[in-house]
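Letter by letter, the chains look like this.
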Amino acid sequence: MEPEGKARANWGSQLEFILTCVGFAVGLGNVWRFPYLCFKNGGGAFLIPYFICLVFIGIPLFYLELCLGQFASLGPIKVFRINPAMKGLGFAMIIVSALIAIYYAVIIAYCIYFFFASMAAEVPWKYCDNSWNTCACQDGYQTFNFSLIDPRNSSRPDCANFTYSDNKTVSASDEYFNNKVLEISGGLEYPEGIKWELALCNLAVWAIVFIVLSKGIKSLGKVVYFTATFPYILLTILLVRGLTLEGYEEGIKFYLTPDWSKLTQADVWSDAAVQIFYSLSACSGGLIAMASYNKFSNNILRDSFLVPLINCLTSFYAGFVIFAVLGFMAHKKGTTVDKVAAGGPGLAFVVYPEALAQMPVSPLWAILFFFMMMTLGFSSLFSITETVITGLVDEMKDYLMKPKIRLYMFRFGICAFFFLLGLPMVTRGGLYMLNLCDTYVGGFPLLFVGLFELTLVSYIYGFFRFRKDIEMMMGNSLPVQVTFFFFAPTWCVISPVALAVVIVLKAIQYEPTAMGSYMYPDWANALGWMIVLCPLVFIPGWFIYHLLFKDNRGMCSPRPNWGPALDENKTGRYAKPITHAHPQAAYVVESEKKPYFNQPITNGLENKGYESDLSEPTTKF
């Protein structure tokens with residue numbers, strides 16, 4: 001975000017970058033999505049496709065994006081100087097990140113609501129004698145024989161003749177989340193007004209985000225020391241507590257016992273590939289943005305294996321935390337683990353709180369759990385929002401950098417704008433909108449961006465040219481050379497083919513969206529596909545715009561100013577030979593034999609070659 005030719009801001013240390021990437025990758029999905037996918041897709045058997053997709057899709061994409069950002073010191077839009085016609089990929093990444101940030105903040109708002117609600121003598125979802133409870137409510141302190149009438153509700157005239165049955169019973173935590181926190185309506189078509197408590201929590205989320213990101217990575221780099229590490233302390237505390245509960249063995253056994261027959265099902269492999277994108281936050285521009293603040297020679301090869309491994313092991317670790325408690329729940333209810341398991345918000349805000357309510361000193365465990373969820377959420381949201389800001393500021397830096405107050409106001413404006421866009425998700429029908437966005441944003445857009453990105457770097461820019469860039473940046477050490485035996489086939493063949501297969505599988509497996517028993521209307525599914533197209537349309541749209549209205553000579557070749565940001569890092573074909581047409585040195589980037597690159601660098605002066613007001617000439621485009 002600095003002027004051309006000047007050093008970009010850097011992380012305070014390499015540890016700050018690693019912790020930021022870990023915090024970016026490790027989020028709420030590690031707690032509620034991965035354990036559920038294991039339960040759904042064969043328990044321990046799901047780990048096989050998950051780690052295969054990590055190795056052949058996740059790590060190659062992770063390394064590729066870190067290399068792009070660090071080599072050019074540019075954000076996710078400006079980095080497409082590497083191929084001007086494909087700049088739409090950068091806009092697609094930014095839009096995906098923006099959409100994720102909007103609904104991710106609402107989920108954190110739920111966590112804040114539950115966090116403060118837990119600060120009471122008893123958690124409010126413990127019993128069924130509240131104004132929001134119905135006759136079907138059942139808490140964890142009655143016998144679980146469904147033929148009995150709940151003694152807590154028997155004093156209510158409207159419940160005197162009510163008899164429980166399997167299909168009518170609702171847990172106290174379920175009713176608290178849906179009837180009290182959300183006051184959920186009958187569907188997406190019934191918004192029924194804003195829930196102001198949730199709106200204020202969402203406002204608090206964006207206020208915190210603005211404060212943390214007010215100085216960009218200078219402030220973010222310090223906050224991640226806490227947000228990226230403290231969740232592991234809380235996860236360990238909750239795991240120790242879970243392993244002291246009755247029935248935890250059944251939960252762990254259910255989590256790990258493999259169902260090998262699931263490996264023959266295509267949707268299991270599709271789920272594993274999509275979860276890798278969720279887990280590593282690949283193809284949303286964040287990795288490029290975070291790496292752009294690295295020093296040019298930072299060892300991202302190490303980071304590209306370390307961070308994905310930490311992230312995936314965190315998901316695996318969180319599974320023990322979740323399923324130990326689900327085993328306890330199943331034991332208390334006298335049923336099996338699969339009857340109490342759930343995915344998505346239902347796991348975090350219904351099932352797990354129900355178990356917490358049955359533990360001694362339940363408010364303490366609830367406070368710890370939701371504080372952990374808040375820190376996990378914020379550590380990801382900070383990086384997601386900074387990705388959007390970095391991409392846009394890089395595009396508009398001439399306007400935003402001076403006076404400095406403009407940059408602060410721009411950051412404030414982004415946070416305020418995202419808060420306003422999140423208001424439909426804090427209405428009484430807001431959960432339906434949140435689920436719709438979550439369903440459609442994280443699938444096809446990320447997969448298509450990954451496929452185009454790999455194709456661009458490996459085939460249009462060229463694998464061997466990109467390899468030379470990496471060697472210039474990191475040196476010709478043995479580890480760098482050896483890993484190309486892995487990255488060459490994955491970047492050029494394995495990863496693109498795998499992504500293409502997953503896209504086809506997801507298209508074949510597509511079913512209209514549902515949330516529990518609620519089936520989304522046709523117009524809502526159409527809205528979901530519009531959400532998918534919103535980022536993707538920029539890819540062909542920018543290509544056509546560039547073809548029609550820009551200088552399309554060499555439109556798929558790197559711009560003259562593509563390369564390392566600082567002059568001292570420009571070696572090899574990026575070195576600037578001295579010409580004698582002027583007393584000053586004219587900098588020319590090697591042309592790769594293309595006439596487009598051999599044109600003189602101009603700024604409108606008579607000699608068409610040099611900046612008159614700078615001691616060093618600057619490339620214009």
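Residues numbered from 1 in each chain as written. Predicted model: local features only at pLDDT ≥ 70, side-chain atom pairs only at ≥ 80, totals over all residues. Heavy atoms only, no water.

**Points about the overall build of the chain**
A count of helical and extended segments in the chain gives 22 helices and four strands. In the chain, 80% of the contacts between residues at least 6 apart in sequence involve partners at least 24 apart. Summed over all atoms, the accessible surface of the chain reaches about 25100 Å², with 65% contributed by carbon and sulfur. (Helix = DSSP H or I, 4+ residues; strand = E, 2+ residues; numbered from the N terminus. Contact = heavy atoms within 4.5 Å. Areas by Shrake-Rupley, 256 points an atom, 1.4 Å probe, with all protein chains shown as cover.)

**As for helix H22 (residues 538-549)**
When the terminal C-alpha atoms of H22 are compared, their 15 Å separation across 12 residues agrees well with the 16 Å that a helix rising 1.5 Å per residue should span. Where H22 is concerned, the buried positions are Ile539, Trp542 and His546. Buried residues of H22 fall within an arc of 75° about the axis and therefore sit on the same side. Of the exposed residues in H22, the ones pointing more than 90 degrees away from its buried face are Leu548 and Phe549. (Expected span 1.5 Å × (residues − 1). Buried < 20%, exposed > 50% of the residue type's maximum accessible area, 1.4 Å probe, protein only. Arc of directions from axis to C-beta.)

**Brief notes about the packing of aromatic side chains**
Counted by the stated rule, this structure contains 61 aromatic pairs. Centre to centre, the rings of Tyr352 and Phe369 are 4.3 Å apart; their planes meet at 15°, and the pair counts as stacked. You can see Tyr352 sitting in helix H15 (residues 345-357) and its partner Phe369 sitting in helix H16 (residues 362-400), a full 17 residues away along the chain. A residue is classified by how much of its surface remains accessible, and Tyr352, at 1% relative accessible area, is buried. Taking 5.6 Å as the distance between ring centres and 55° as the angle between the ring planes, the aromatic pair formed by Phe466 and Trp491 counts as tilted. Pair noted here: Phe466 is in helix H19 (residues 444-474) and Trp491 is in helix H20 (residues 478-509), with a separation of 25 residues, a long-range link. The two residues Phe466 and Trp491 agree in class, both being buried. Note that Arg465 overlies the ring of Tyr461, its terminal NZ or CZ placed 4.6 Å from the centroid. When the ring centre of Phe444 is taken as reference, the NZ or CZ atom of Lys506 above it lies at 5.8 Å. (Phe/Tyr/Trp six-rings, centres within 6.5 Å; stacked < 30°, edge-to-face > 60°. Lys NZ or Arg CZ within 6 Å of the ring centre and 35° of its normal.)

**Details of H16**
The end-to-end C-alpha distance of H16 is 49 Å, clearly below the 57 Å that 39 residues give at a rise of 1.5 Å each. Remark: the principal bend of H16, roughly 60°, maps to Asp394. Taken across its 39 residues, H16 has 31 buried, putting it largely inside the fold. (Bend = angle between axes of the 7 residues up to and from the residue.)

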